[in-house]
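In case you want the letters, here they are:
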Amino acid sequence: MTNKTHAKPQTPSTTTATPNFEIQRIYIKDISYEAPNTPHTFTEEWKPEVQLNLETKSTRIQDNVHEVVLSVTATVTSSKKSAFLVEVHQAGIFMISGFPSDQLHQMLGSFCPNILFPYAREVISDVVVRGGFPQLILAPVNFDALYAQHVEEQKKSPEKAEEGGDSKVH
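Just so we're clear, the structure is a prediction, and the values are computed from it rather than from any experiment. (Residues numbered from 1 in each chain as written. Predicted model: local features only at pLDDT ≥ 70, side-chain atom pairs only at ≥ 80, totals over all residues. Heavy atoms only, no water.)

Looking now at the nonpolar core. Val72, Phe84, Phe117, Ile124 and Leu136 are the most contacted members of the largest nonpolar core, which has 30 residues in total. Every element with two or more residues in this core is listed here: β3 (65–78), β4 (81–97), α2 (101–130) and α3 (143–156). For this core, the element with the highest residue contribution is α2, accounting for eleven residues. Discounting residues that sit within four places of it in the chain, phenylalanine 84 has contacts with Tyr33, Glu34, Ala35, Trp46, Ala74, Thr75, Val76, Val128, Phe133 and Leu136. (Core = buried A, V, L, I, M, F, W, Y, C linked by side-chain atoms within 4.5 Å. Buried < 20%, exposed > 50% of the residue type's maximum accessible area, 1.4 Å probe, protein only. Helix = DSSP H or I, 4+ residues; strand = E, 2+ residues; numbered from the N terminus. Contact = heavy atoms within 4.5 Å.)

Written as structure tokens, this is what we have:
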């Protein structure tokens, strides 16, 4: 008769946390719609020109919990007159832990806005249609490239650096 003892392989203990990302909540923080020249805008030839402004801001709520706000402003003119302006502050609460500082900033400045943008795009499209205008479908945005551009700008002028991966794009 043979006795065999099975021992678990020993693994070195590590103090580094496993990276974790969770969406806690997604919500509209603020919304604004203006159509200053209606009803005259509806009687003129529709030649829309769209200007889009994006801005992200992140705030640490508590340890590993952050609010990220993506502000999207669409200003549409037709025949050089203001047709409408719609602004949405789409927000989310995210639990992010176990990432190094540089990756955390990228998560807040790029990954989270990528999650929020489809929600903001849907809200804008819905509000514009409810305002009596043709549907406005915003093109996808490359937040990774915008974040990389923001990081490069911060390197060139560090006195303008802001906390939390905030960025603004026009």
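Here the narrative resumes.
Time to look at unusual backbone geometry. In this chain, threonine 38 is followed by proline 39 through a cis amide linkage whose omega measures 5 degrees. On the secondary structure map, proline 39 appears in the loop between β1 (20–34) and α1 (40–43). Backbone geometry places asparagine 64, a non-glycine residue, at a positive phi of 65 degrees. Not every positive phi belongs to a glycine, and lysine 80 is a case in point at roughly 65 degrees.

A few words on α2. In this model, α2 (30 residues) spans 42 Å end to end at C-alpha, consistent with the 44 Å of a helix rising 1.5 Å per residue. At methionine 107, α2 shows its largest bend, some 40 degrees. Within two residues after α2, glycine 132 carries a phi angle of roughly 95 degrees, on the positive side. (Expected span 1.5 Å × (residues − 1). Bend = angle between axes of the 7 residues up to and from the residue.)

One can describe the packing of α2 onto α3 by two numbers: an axis separation of 9 Å at closest approach and a directional angle of 145 degrees. For α2 against α3, the interelement crossing comes out right-handed. Facing α2, whose interface residues are Asp102, His105, Gln106, Gly109, Ser110, Pro113, Asn114 and Phe117, α3 presents Phe143, Asp144 and Tyr147. Of the residues contributing to the contact of α2 with α3, the split by class is four nonpolar, five polar and two charged. (Axes fitted to C-alpha atoms, helices over the stretch in contact; angles between N-to-C directions. Left-handed = near helix turned anticlockwise from the far one by under 90°. Nonpolar A, V, L, I, M, F, W, Y, C, P; charged D, E, K, R; others polar.)

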